[in-house]
2 protein chains.
Amino acid sequence: MNSLQLSHRLVPELTGKLRSRYRVLQRVYLHQPIGRRSLAHVLGTTERILRADVELFKEQGLIDVGPLGMSVTEAGEALIAELDPVIRALDGRHDTEHVLARALGIEHVTIVAGDSAEDEIVMRDIGHAAAHTLRSHLRLPCTVAVTGGSSMAMIADMMPRAAQPQAIEVLPARGGLGERVELLANTIASQLADKLGGTYRMFHVPESLSKATAERLSQEPSVSEMVQRIRGADIVIHGIGDALTMARRRRLDDATIELLRSRGAVAEAFGYYFDAQGCIVHVMNTVGLRLEDLSGIRAVIGVAGGAAKGAAIRAVALAYQIDALVTDEGAARAIIEQCQK
Amino acid sequence: MNSLQLSHRLVPELTGKLRSRYRVLQRVYLHQPIGRRSLAHVLGTTERILRADVELFKEQGLIDVGPLGMSVTEAGEALIAELDPVIRALDGRHDTEHVLARALGIEHVTIVAGDSAEDEIVMRDIGHAAAHTLRSHLRLPCTVAVTGGSSMAMIADMMPRAAQPQAIEVLPARGGLGERVELLANTIASQLADKLGGTYRMFHVPESLSKATAERLSQEPSVSEMVQRIRGADIVIHGIGDALTMARRRRLDDATIELLRSRGAVAEAFGYYFDAQGCIVHVMNTVGLRLEDLSGIRAVIGVAGGAAKGAAIRAVALAYQIDALVTDEGAARAIIEQCQK
DNA sequence: CCAACAGGGACTATTTGCGTCCCGCTATGT
DNA sequence: ACATAGCGGGACGCAAATAGTCCCTGTTGG
């Protein structure tokens, strides 16, 4: 029982204020630089009510105010980091993390507050937490394989920039997925490498190949070398998608979509589609990381948020061994509900 | 850095409330049963302002309200105990304790909030803390020697009653001191033994004997046996007095008082008078514990509070080895001031 | 050069907190 | 047995802190 929980008995209004102020400070951090007005809009409160908080933060030296808006100082950033586990324990996320860890057989689960489906900024927080998780798993020298997707893009965005070059190589886990360039694994690998002070390699392989073409392509020396590198990565960090959403985003043909639907596909991860029991129901014909490679990889990190992702997360956790999961309260609730059924 | 100190950055108004509420709850505990009106009077606030706190405590199940007033529940008592170190650290007493411990060469110093000279209830708190200290030093079976005085009486009063008999023998350290029966070492020994579930022995020896009579008395078998027991005690817990105050209370003759004054006596403990350097300037001719016996005793616990006792505490700390000191902020401040001179 | 958004100030409405006075109840002492 | 002192709790009204609203000025970026 820590001192805060004890104090809660004597000053119950404490926790509410602490949480709300933490939330405000964290939002400033995630949005910085940002003005009071937009912050108020984002947080769903009024501007006036934020002024009290902002003035407090300012005199505590937690934020700087500039012409572009507010941004948190180093001290503020440190406070956010130090207070994170406190808040986490305070609203029971710490307990939920353990429940989830046991239910899914994942060693380390991190749940950020909110639901990224309802509030897009929660995605940034997931990115922040996932960046932290990734960094904690790095052991130099190190090869990191990444997938595409919005969660992954956010990780690269929220990753703090390394002061010095580091012996890290970032690779895309598979050929291109998705259509928007900023969500491609190649793009994300380059951004992440940039932030980490490491190097990256691109991997240009078209999607939806015929099986024969894919195999021939794999035998090309340049491709084959990349595939070797990827399969020998130390860390894989990947998004977890909803099967049908991903299928549509990849413009799969109607027949395949119907196949997925009929086989009860709920989850997608690096080109594999899984049903609720974690069985593979479909595989994309692309080149790169295969499911069977995962067992040889030191750390497999999954990232996904939003209530709709609950089923998908649970499915992939059944399908293969995940070492660390970063998600949000929305997804966590959904998973726990599913497990109780 | 604990969670409360971290939270203080985001919710600074919190600590003030926590402290004041803790103070209120603690006062209820020390005065129980007590009504809102008298509590308000004691705390120097208004009744109305306490109502908010009291209602909170009630709904938190920390106090019971009865026709005789309020009293704290077991849960409340536990909370007070658990929160004590938190508050102690919060208002810097924890640091002061370490400063004092180093300055006086005492291993364990406990400082309770307030000044018992200004507020008599602080004496109860000292008693409470000293009772706790004493209990923490008990190793059964155990012999405890006690002196007289108001501090000591308060310890017996605040000592929680043991559920079962325990192998503890409580003895008066020396012959009777003081005039009021409730402050006599014999009385306190019996009360303390009662609370601890132990046994006690009385020791009736008149004060201010001639040296010859005292020596003859010591050779009486019954007296001699008691003296042996006392000198072999495991724990000595004693009050520390101001020299002149004690001299007057014991109705010493004017010549002796003048002697004490001329020799710069500032402190008194179990019949010995010390100057500011800790040198013995006078000894009462009574029978019982001698200064030289202290070195063979496992734990010597000193208890004294109030700004006026500062010099006395410092003097006895120089005179002999004290293992644990229980005092208040008033005395602590006085000691630190003295040391800086 | 101007539109947009930044922080900060001023005024008002609302809520909360607190002082004050009162009542009914129950132990306690005569 | 009764009077009384002390208990908790209710009610009302004022004052102060809090929050809503509107406005002003400076900076930035197209």
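Residues numbered from 1 in each chain as written. Chains lettered and ligands numbered in written order. Predicted model: local features only at pLDDT ≥ 70, side-chain atom pairs only at ≥ 80, totals over all residues. Heavy atoms only, no water.

### A look at the protein's contact with DNA strand C
Spelled out, the test is: Any residue with a non-hydrogen atom lying within 4 Å of a molecule or strand is treated as near it. Polar contacts here mean pairs of N or O atoms no more than 3.5 Å apart (in protein, one a potential hydrogen donor and the other a potential acceptor; neighbouring residues in sequence count only if both atoms are side-chain atoms). A helix here means a DSSP run of H or I that spans at least four residues, while a strand means a run of E at least two residues long, and both kinds are numbered starting from the N terminus. Ten residue types, Ala, Val, Leu, Ile, Met, Phe, Trp, Tyr, Cys and Pro, are classed as nonpolar, four, Asp, Glu, Lys and Arg, as charged, and the remainder, Gly among them, as polar.
By nearness alone, 16 residues border DNA strand C, and Arg36, Arg37 and Arg51 of chain A together with Thr46 and Arg48 of chain B come closest of all. Within the side chain of Arg37 of chain A, one N or O atom sits 2.8 Å away from a base oxygen of DNA strand C. In the model, a phosphate oxygen of DNA strand C is placed 2.9 Å from a nitrogen or oxygen of the Ser38 of chain A side chain. Counting only elements with at least two residues in the surface near DNA strand C, the list comes to α3 (36–43), α4 (47–59) and β2 (69–72) of chain A together with α4 (47–59) of chain B. The element best represented in the surface near DNA strand C is α3 of chain A, accounting for three residues. Partitioned by chemical class, the residues of the surface near DNA strand C number six nonpolar, four polar and six charged.

### Comments concerning the domain arrangement of chain A
Residues and elements named next belong to chain A. Keep this limit in mind: All domain edges in this entry derive from an automatic or database-based domain assignment. Whenever Lys or Arg places a side-chain nitrogen within 4 Å of a carboxyl oxygen from Asp or Glu, that contact is recorded as a salt bridge.
Here chain A is described as being made up of domain 1 (3–88) and domain 2 (92–340). Inter-centroid distance (C-alpha atoms) of domain 1 to domain 2 is 31 Å. Counting across the interface, domain 1 meets domain 2 through two salt bridges. Linking Asp119 and Arg27 is a salt bridge whose minimum nitrogen-to-oxygen distance equals 3.0 Å. Scanning the region where domain 1 abuts domain 2 turns up nine residue pairs in polar contact (both at pLDDT 80 or more). When residues of the side of domain 1 that touches domain 2 are traced back to their parent elements, those giving at least two are α2 (13–31) and α5 (74–90). Top element by residues in the side of domain 1 that touches domain 2 is α2. It accounts for five residues. Of the residues assigned to the side of domain 1 that touches domain 2, the class counts are three nonpolar, two polar and three charged.

### So, the layout of surface pockets
Summary: where empty space remains is shown by rolling a probe the size of a single water molecule over the atoms. All names here are of chain B. Rules: Cavities and pockets are found on a 1 Å grid laid over the protein atoms alone: a cavity is a set of points where a 1.4 Å probe fits but cannot escape, a pocket is an open set with protein on both sides within 12 Å along at least five of seven lines, and a lining residue has an atom within 4 Å of such a point. Grid points are joined across faces, edges and corners, and a volume is the space filled by probe spheres set on the points.
Its boundaries defined by the atoms lining it, the largest pocket holds a volume of some 960 Å³. Surrounding the largest pocket, 40 residues form its lining, Tyr22, Asp84, Arg88, Asp125 and His128 being those nearest its centre. Elements with a minimum of two residues in the lining of the largest pocket: α2 (13–31), α5 (74–90), α6 (93–104), β3 (108–112) and α7 (121–137). Examining the composition of the lining of the largest pocket, we find that eleven residues originate from one element, α7, more than from any other. Across the lining of the largest pocket, the residue classes tally to 16 nonpolar, ten polar and 14 charged.

### Description of the interface of chain B and chain A
Stated formally: Working rule for contacts: check all heavy atoms of both residues, and any pair within 4.5 Å makes them a contact. Buried area adds together the accessible area that both of two parts lose upon being put together, with accessible area traced by a 1.4 Å probe.
Contact with chain B, which involves 25 residues of that partner, is made by 25 residues of chain A. Across the chain B/chain A interface, buried area totals approximately 2300 Å², and carbon plus sulfur atoms make up 66% of it. The largest share of the area that chain B buries against chain A comes from Leu6, Arg9 and Leu10 of chain B, three residues that together contribute 31% of it. Between the two partners, chain B and chain A, sit four salt bridges. Across the salt bridge formed by Glu13 of chain B and Arg21 of chain A, the nearest N and O atoms sit 3.4 Å from each other. In this assembly, chain B and chain A are joined by twelve residue pairs in polar contact (both at pLDDT 80 or more). Elements supplying a minimum of two residues to the side of chain B that touches chain A: α1 (3–10), α2, α4 and α5 of chain B. In the side of chain B that touches chain A, the residues fall into 16 nonpolar, four polar and five charged.

### A closer look at the sheet that holds strand β5 (residues 168–172) of chain B
Residue and element names in this part refer to chain B. Put simply, the rule reads: Two strands pair if DSSP finds at least two bridges between them. Fitted lines through C-alpha atoms serve as axes, helices being fitted only where they are in contact, and the angles separating the N-to-C directions of these axes extend from 0 to 180 degrees.
With parallel pairing, seven strands are arranged side by side in an open sheet as β3-β13-β12-β7-β4-β5-β6. The sheet is open, and its two borders are formed by β3 and β6 (199–200), each paired with just one other strand. The pairing of strand β12 (residues 299–303) with strand β13 (residues 324–328) spans three bridges and is parallel. Each bridged residue has a counterpart across the sheet, and for Ile301 the counterpart in β13 is Ala324. Strands in contact with helix α11 (residues 221–231) are β4 (142–146) and β5; relative to β5, the strand with the most contacts, it is inclined by about 115 degrees.

### Observations concerning the confidence of the model for chain A
So the rule is basically this: What pLDDT expresses is the predictor's confidence in each residue, scored from 0 to 100.
On average, residues of chain A score 87 in pLDDT, and 96% of them reach the 70 mark or higher. Across chain A, strand β13 (residues 324–328) of chain A holds the top mean pLDDT of 96, while helix α10 (residues 211–219) of chain A sits lowest at 75.

### A short note on the packing of aromatic side chains
Put simply, the test is: Pairs were defined over the aromatic rings of Phe, Tyr and Trp, the Trp ring being its six-membered one, requiring ring centres within 6.5 Å. Orientation was assigned from the angle between planes: stacked under 30 degrees, edge-to-face over 60, tilted for the rest. Only protein chains enter the calculation, and the probe is 1.4 Å; a residue is then buried if its accessible area is under 20% of its type maximum, exposed if over 50%, and partly exposed in between.
Throughout the structure, instances matching the rule amount to eight aromatic pairs over all chains. Plain terms: the ring middles of Phe270 of chain B and Tyr320 of chain B are 5.7 Å apart, the flat faces sit at 45 degrees to each other, and that makes the pair tilted. With Phe270 of chain B in the loop between β9 (265–269) and β10 (272–275) and Tyr320 of chain B in the loop between α14 (310–319) and β13, the pair connects residues that are 50 residues apart, well separated along the chain. Of the two residues, Phe270 of chain B and Tyr320 of chain B, neither departs from the other in class, the shared state being buried. Consider the rings of Phe274 of chain B and Tyr320 of chain B, whose centres lie 6.0 Å apart with planes at 50 degrees: the pair is tilted. Residue Phe274 of chain B is located in strand β10, and its partner Tyr320 of chain B is located in the loop between α14 and β13; the two are separated by 46 residues in the primary sequence. One aromatic cluster is present, formed by Phe270, Tyr272, Phe274 and Tyr320 of chain A through successive ring pairs.

### As for the sheet that holds strand β8 (residues 241–242) of chain B
With antiparallel pairing, four strands are arranged side by side in an open sheet as β8-β9-β10-β11 (chain B). Looking at the sheet topology across the chains shown, the edges are occupied by β8 and β11 (280–283) of chain B.

### Description of the pattern of salt bridges
Counted according to the given criterion, the structure contains 37 salt bridges over all chains. We note a salt bridge from Arg290 of chain B to Glu292 of chain B, for which the minimum N-O separation is 3.9 Å. By relative accessible area, which is 32% here, Arg290 of chain B ends up partly exposed. Judged by relative accessible area, which is 51%, Glu292 of chain B ranks as exposed. Several salt bridges share partner residues, and in doing so they unite Glu13 of chain A together with Lys17, Arg21 and Asp53 of chain B into one network.

### Digging into unusual backbone geometry
The linkage connecting Leu140 of chain A with the following residue, Pro141 of chain A, adopts the cis geometry, with an omega of -10 degrees. The phi torsion at Phe270 of chain A lies on the positive side, around 30 degrees, for a residue other than glycine.

### Some details on the protein's contact with DNA strand D
Close to DNA strand D lie 16 residues; Thr46 of chain A together with Arg36, Ser38, Arg51 and Lys58 of chain B are nearest. The sugar-phosphate backbone supplies 51% of the atoms of DNA strand D found within 4 Å of the protein. Separating a base oxygen of DNA strand D from a side-chain N or O atom of Arg48 of chain A is a distance of 3.3 Å. Within the side chain of Arg36 of chain B, an N or O atom sits 2.5 Å from a base nitrogen of DNA strand D.

### Points about the relation of the copies chain B and chain A
To keep things clear, this is the line we draw: All copies are superposed by least squares; the fitting set is the C-alpha atoms of residues with a pLDDT of at least 70 in both.
Rotating chain B by 179 degrees and translating it 0.2 Å along the rotation axis places it on chain A, where the RMSD comes to 0.1 Å. Such values leave the two copies arranged in the relation of a two-fold axis. By C-alpha distance to the rotation axis, the residue of chain B lying nearest is Leu4 of chain B, at 2.4 Å. When the interface residues of chain B are mapped onto chain A, 100% of them are again interface residues, pointing to one common binding face.

### With respect to the pairing of β3 of chain B
Residue and element names in this part refer to chain B. Among the five residues in β3, four count as buried, and that is most of the element. Two elements, β3 and β13, share five bridges in a ladder whose sense is parallel. Residue pairing for β13: His108 is matched across the bridge by Ala324.

### Digging into empty space enclosed by the protein
Applying the stated criterion across every chain yields a total of two cavities of 30 Å³ or more. Considering only enclosed or pocket space, the largest cavity measures out at about 50 Å³ in volume. The wall of the largest cavity is formed by Val11, Glu13, Leu14 and Lys17 of chain A together with Val11, Glu13, Leu14 and Lys17 of chain B. Elements with a minimum of two residues in the lining of the largest cavity: α2 of chain A together with α2 of chain B.

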